[in-house]
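The residues making up each chain are set out below.
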Amino acid sequence: MMLSPKFTEALVYATELHATQIRKGSGVPYIAHLLGVASIALEYGANESEAIAALLHDAIEDQGGAKIRAEIQQRFGETIASIVEGCTDTDIIPKPPWRERKQAYIAHIPHASTSVRLVSAADKLYNAQSILKDYRQIGDEIWERFTGKKAGTLWYYRSLVNAFRQVDSTPLVEELDRVVSELEKLVKQNH
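What you are looking at is a predicted structure, and each value in this text was computed from that prediction instead of being measured. (Residues numbered from 1 in each chain as written. Predicted model: local features only at pLDDT ≥ 70, side-chain atom pairs only at ≥ 80, totals over all residues. Heavy atoms only, no water.)

## Describing the overall build of the protein chain
Argument step 1. Looking only at helices and strands, the protein chain has 10 helices and zero strands in total.
Argument step 2. Helices and strands appear in the protein chain in the N-to-C order α-α-α-α-α-α-α-α-α-α.
Argument step 3. The C-alpha atoms of the protein chain give a radius of gyration of 16 Å, which matches the 16 Å a tight globule of 191 residues would have.
Argument step 4. Projected onto its principal axes, the C-alpha positions of the protein chain cover 50 × 35 × 30 Å. (Helix = DSSP H or I, 4+ residues; strand = E, 2+ residues; numbered from the N terminus. Rg over C-alpha atoms; globule rule 2.2 N^0.38 Å.)

Here it is, written out as structure tokens:
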């Protein structure tokens, strides 16, 4: 599949939207995460709309809620706006309590579209890989980055795997499970 100028437009738009953001605790420019999620999505069979949604998956949540959703719809169409919205755990400011948001997101996964599940799983795989990599380097210090700390973060990722599996067990979900299992095993060994 060839990507069209629409993908390039979305890449520039995502870069501009998230220009001032960095990844929690790492100092890495946020665009690295968006590129990584789009890359994973494409590697696991995303079409162009899904790849664009992967670039924009955090835009509603982090960059302006309903206003940004309307802008995405106007620029890239309803299909992409719907996928991005399906990957959003909240657009309410201030955000509701962490556990409540995560439980609602997990509950929504089995009912989400195939496209939302693909982009969401790509996002969660990228995050789990980052957590695993950083845990190997800095150990338990990593959990201070996360609202859910160690127990909550591990619960969330295991619950996500289970939610994705309620619908189907794709190669992407299997890879997410492998990374989460490796993280769980490492954490257990170190305690």
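Back to the write-up after that little detour.
## Notes on the nonpolar core
Argument step 1. In this structure, Leu56, Ile72, Phe76, Ile80, Trp143, Leu160 and Leu183 are the most contacted members of the largest nonpolar core, which totals 62 residues.
Argument step 2. Take this core: its biggest share by element is 11 residues, from helix H8 (residues 114–138).
Argument step 3. Not counting the four nearest positions on each side in its chain, leucine 56 is found in contact with Ala10, Tyr13, Ala14, Ile72, Phe76, Ile80 and Val84. (Core = buried A, V, L, I, M, F, W, Y, C linked by side-chain atoms within 4.5 Å. Buried < 20%, exposed > 50% of the residue type's maximum accessible area, 1.4 Å probe, protein only. Contact = heavy atoms within 4.5 Å.)

## Re the side chain of serine 159
Argument step 1. By secondary structure assignment, the location of serine 159 is in helix H9 (residues 149–167).
Argument step 2. Within the structure, the side chain of serine 159 is placed 2.8 Å from the backbone oxygen of tryptophan 155, a separation counted as a polar contact. (Polar contact = N/O pair within 3.5 Å; in protein donor to acceptor, adjacent residues only side chain to side chain.)

## Notes on helix H1 (residues 5–17)
Argument step 1. Spanning 13 residues, H1 covers 18 Å between terminal C-alpha atoms, matching the ideal 18 Å at 1.5 Å per step.
Argument step 2. Within H1 the residues assigned to the buried category are Phe7, Ala10, Tyr13, Ala14 and Leu17. Looking down the long axis of H1, one finds its buried residues gathered within 125 degrees of arc, a one-sided arrangement. Exposed side chains of H1 directed beyond 90 degrees from the buried face belong to Pro5 and Glu16.
Argument step 3. Those residues of H1 hidden inside the fold are in contact with helix H2 (31–43), helix H3 (48–56), helix H4 (59–63) and helix H5 (65–76). (Expected span 1.5 Å × (residues − 1). Arc of directions from axis to C-beta.)

## Observations concerning the environment of glycine 152
Argument step 1. If you trace the backbone, glycine 152 turns up in helix H9.
Argument step 2. Judged by its relative accessible area of 7%, glycine 152 is buried.
Argument step 3. Separated by 33 residues in sequence, glycine 152 and lysine 185 place their C-alpha atoms 16 Å apart.

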